[in-house]
Amino acid sequence: MAVEFNVLFYSSIAGLSTILGIILVILNEKLVLKYSHYVNSFAAGLILGVAFFHLFPESLELSDHALLFILMGFLVFYLLENVMVLHSGSEIHFKEKKGSRHAKGKVMFSGLFFHSFIDGIIIGIGFETDFTLGLLTSLGVIAHELPEGVTTFALMINSMEKKTALKLSIAVGLATPLGALISLTFMKGLSQAMVGVMLAIAGGSFLYIAASDLIPETHEEKGFENSGFLLMGVISLYVLSKTIGG
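Residues numbered from 1 in each chain as written. Predicted model: local features only at pLDDT ≥ 70, side-chain atom pairs only at ≥ 80, totals over all residues. Heavy atoms only, no water.

(A) How the structure looks around the packing of helix α1 (residues 2-62) against helix α4 (residues 131-156). The contact between α1 and α4 brings their axes to 5 Å, and the two run at 155°. Relative to α4, the element α1 is oriented roughly antiparallel. As for how α1 packs across α4, the hand of that crossing is left-handed. When its residues are assigned to classes, the contact of α1 with α4 shows 29 nonpolar, 11 polar and 2 charged. (Axes fitted to C-alpha atoms, helices over the stretch in contact; angles between N-to-C directions. Helix = DSSP H or I, 4+ residues; strand = E, 2+ residues; numbered from the N terminus. Parallel < 35°, antiparallel > 145°, perpendicular 65-115°, else oblique. Left-handed = near helix turned anticlockwise from the far one by under 90°. Nonpolar A, V, L, I, M, F, W, Y, C, P; charged D, E, K, R; others polar.)

In structure tokens form, the structure reads like this:
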């Protein structure tokens, strides 16, 4: 019962983080976009820390084919984003005419919804393995969901009516607890090797999110601040890992 509670609790926080990003855009879009690269940089550091300190080692321990599936996770998210046009980085900092982006709106929603849905499954996999991994994986997802909420709504309001954009963006936030809920229905019956495979895919997806979606933000705004926030994210995750894991 504790696993189920943790999965639903932390996935709900991740979903609320997406909605918080939406609220921030509504309150002050220009200010949020101005400083979003700092959030993205810190989130990238956290996600890299989760992947390299926990997901990769755990998957390699449980599955002999972990490296292959790490690559597969990376490639799946590459193909998803290549087709669905969903990015948490520099794409939100410019605007095209509404008409030219309208056709992309629903496609972007589909990609973002699926992305958040997978995040929920990743949280489920983490807690099914052990509490520490679940907690740190949740932290990585939560850190990413906040800028994703900003991205989602900022892109949507440039391609559709604001009311429709708000509804679809909230749906993206709800996709995370939905994915977590569904993960609870099949995780119990998985073998250790299969859990290792799923951790590897999760690690590959985290690596892609950091490298493709978030780290480009550190290059868009020159200076040591972005690099500092990224390193701070990695160090914070490492310290937290040692503190929780003993």
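(B) Up close: the environment of Leu-166. Mapped onto the fold, Leu-166 is located in helix α5 (residues 162-186). Spatially, the C-alpha atom of Leu-166 lies 9.5 Å from that of Ile-26, the residues being 140 residues apart in sequence.

(C) Summary view of the layout of surface pockets. The volume enclosed by the largest pocket comes to roughly 230 Å³. Lining of the largest pocket is provided by 13 residues; of these, Phe-77, Ile-118, Met-198, Ile-201 and Ala-202 occupy positions nearest its centre. Counted by class, the lining of the largest pocket contains 11 nonpolar, 2 polar and no charged residues. (1 Å grid on protein atoms, 1.4 Å probe; cavity = no way out; pocket = protein on both sides within 12 Å on 5 of 7 lines; lining within 4 Å. Points joined across faces, edges and corners; volume = space filled by probe spheres on them.)

(D) Up close: the side chain of Ser-11. Along the chain, the position of Ser-11 falls in helix α1. The buried category is assigned to Ser-11, whose relative accessible area is 0%. Among the polar contacts listed, one links the side chain of Ser-11 to the backbone oxygen of Leu-8, at a separation of 3.1 Å. If we ignore the near neighbours within four places in the chain, the residues touching Ser-11 are Ile-123, Thr-176, Pro-177 and Ala-180. (Buried < 20%, exposed > 50% of the residue type's maximum accessible area, 1.4 Å probe, protein only. Polar contact = N/O pair within 3.5 Å; in protein donor to acceptor, adjacent residues only side chain to side chain. Contact = heavy atoms within 4.5 Å.)

(E) The arrangement of the packing of aromatic side chains in detail. A full pass over the atoms with the stated rule returns 9 aromatic pairs. When the centroid spacing of 5.4 Å and the interplanar angle of 25° are considered together, the rings of Tyr-10 and Phe-127 count as stacked. Highlighted residues: Tyr-10 in helix α1 and Phe-127 in helix α3 (residues 98-129), separated in sequence by 117 residues. Of the two residues, Tyr-10 and Phe-127, neither departs from the other in class, the shared state being buried. Arranged with centres 5.4 Å apart and planes meeting at 65°, the rings of Phe-53 and Tyr-238 form a pair that is edge-to-face. With a gap of 185 residues between them, Phe-53 in helix α1 and Tyr-238 in helix α8 (residues 224-245) connect regions that are remote in the sequence. For Phe-53, a relative accessible area of 35% corresponds to the partly exposed category. Taken together through their ring pairs, the aromatic side chains of Phe-5, Phe-9, Tyr-10, Phe-127 and Phe-131 make up a single cluster. (Phe/Tyr/Trp six-rings, centres within 6.5 Å; stacked < 30°, edge-to-face > 60°.)

(F) Here's a closer look at the confidence of the model for the protein. The share of residues in the protein with pLDDT of 70 or more is 86%, and the mean pLDDT across the chain is 83. The least confident element of the protein, judged by mean pLDDT, is helix α7 (residues 216-220) at 68; the most confident is helix α6 (residues 192-214) at 90. Counting interchain partners and residues more than four positions distant, the pLDDT-below-50 stretch residues 87-100 has 37 contacts. (pLDDT = per-residue confidence, 0-100.)

(G) Representation of the environment of Ile-122. Note on placement: Ile-122 falls in helix α3. Ile-122 sits in the buried class, given a relative accessible area of 3%. Note: C-alpha distance between Ile-122 and Val-7 (115 residues apart in sequence) is 9.7 Å. For Ile-122, the residues in contact, after removing those within four places along its chain, are Thr-137, Ala-202, Ser-205 and Phe-206.

(H) View of α1. With 61 residues, α1 extends only 23 Å from end C-alpha to end C-alpha; this falls clearly short of the ideal 90 Å at 1.5 Å per step. The largest bend in α1 is about 120°, located at Asn-28. (Expected span 1.5 Å × (residues − 1). Bend = angle between axes of the 7 residues up to and from the residue.)

(I) Broad picture of the packing of α1 against α5. Between α1 and α5, whose axes approach to 9 Å, the crossing angle comes to 170°. The angle between α1 and α5 falls in the class roughly antiparallel. Along its contact with α1, which presents Glu-4, Val-7, Leu-8, Ser-11, Ser-12, Ala-14, Gly-15, Thr-18, Ile-19, Ile-22 and Ile-26, the element α5 presents Leu-166, Ser-169, Ile-170, Val-172, Gly-173, Thr-176, Pro-177, Ala-180, Leu-181, Ser-183 and Leu-184. Along the lines of polarity and charge, the residues of the contact of α1 with α5 split into 13 nonpolar, 8 polar and 1 charged.

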